[in-house]
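For reference, the chains in residue letters:
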Amino acid sequence: MARDLFEAARAAMAKSHSPYSQFPVGAALRTDDGRIYAGCNIEVISYPEGWCAETTALSQFVMGGGGHITEIAVIAEKKAAVTPCGGCRQRLAEFAGPDTRLHLCDTGGIVETTTLADLFPRGFEAEVLK
Ligand code: THU
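Notes on the structure in this doc start here. (Residues numbered from 1 in each chain as written. Predicted model: local features only at pLDDT ≥ 70, side-chain atom pairs only at ≥ 80, totals over all residues. Heavy atoms only, no water.)

**A short note on the overall build of the chain**
Moving on, step 1. Within the chain one finds four helices and five strands.
Moving on, step 2. Element order for the chain, N to C, with α for helix and β for strand: α-β-β-α-β-α-β-β-α.
Moving on, step 3. For 130 residues, the compact-globule estimate of 2.2 N^0.38 gives 14 Å, and the chain sits close to it at 14 Å.
Moving on, step 4. Structurally, the chain occupies a C-alpha span of about 40 × 35 × 25 Å along its principal axes.
Moving on, step 5. Counting only contacts in the chain whose residues sit at least 6 apart along the sequence, the fraction spanning at least 24 positions is 62%.
Moving on, step 6. Surface summary for the chain: the accessible area is close to 7000 Å², and the carbon and sulfur share equals 56%. (Helix = DSSP H or I, 4+ residues; strand = E, 2+ residues; numbered from the N terminus. Rg over C-alpha atoms; globule rule 2.2 N^0.38 Å. Contact = heavy atoms within 4.5 Å. Areas by Shrake-Rupley, 256 points an atom, 1.4 Å probe, with all protein chains shown as cover.)

Structure below.
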């Protein structure tokens with residue numbers, strides 16, 4: 001069912017620009033109207049200036065029209081079931097809900113499915129600014 005999302009994440013990972021960490025990552029997001037956006041991690045020689053695969057995918061998603069994310073897949077070439085970093089969890093939570101499925105993958109497919117709420121409980125929420 002989520003195989004297409006996994007395939008999109010894996011294809012994105014193949015485009016990773018990660019010559020410094022040698023740790024390619026791919027991510028793919030599905031919207032509630034069926035669109036898929038994917039991204040890879042992109043590193044630069046000034047290390048802090050690089051960014052994660054999830055952030056690239058979110059950028060594609062916003063530029064493609066945005067909306068609501070229902071499903072996320074993340075894959076790393078060298079680590080099975082890699083989870084999004086803290087900053088990316090906050091970024092994903094901006095456009096996804098607590099019930100959003102998060103598929104953790106290895107290079108062969110999805111190995112675990114969890115939710116954003118499970119990975120990112122008690123995040124910083126917009127209500128605090130009101
Ligand atoms: N990375 C991601 O792309 N996503 C994550 O959630 C964790 C880390 C990347 C950043 C960096 O290019 C490489 O993995 C090693 O940290």
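**Overview of unusual backbone geometry**
Moving on, step 1. Its identity is not glycine, yet Gln22 carries a phi of approximately 55 degrees, on the positive side.
Moving on, step 2. Residue position: Gln22 is located in the loop between helix 1 (3–13) and strand 1 (25–31).
Moving on, step 3. Here the phi dihedral of Arg122 falls at roughly 55 degrees; this positive angle occurs in a residue that is not glycine.
Moving on, step 4. Among the secondary structure elements, Arg122 is positioned in the segment after helix 4 (116–119).

**A few points about the environment of Leu102**
Moving on, step 1. With respect to the helices and strands, Leu102 occurs in strand 4 (residues 96–106).
Moving on, step 2. You can call Leu102 buried: its relative accessible area is 0%.
Moving on, step 3. Here the alpha-carbon distance between Leu102 and Thr83, two residues 19 residues apart in the chain, equals 9.0 Å.
Moving on, step 4. Setting aside residues up to four positions removed in sequence, Leu102 forms contacts with Ile72, Val74, Pro84, Glu112, Thr113, Thr114, Thr115 and Leu119. (Buried < 20%, exposed > 50% of the residue type's maximum accessible area, 1.4 Å probe, protein only.)

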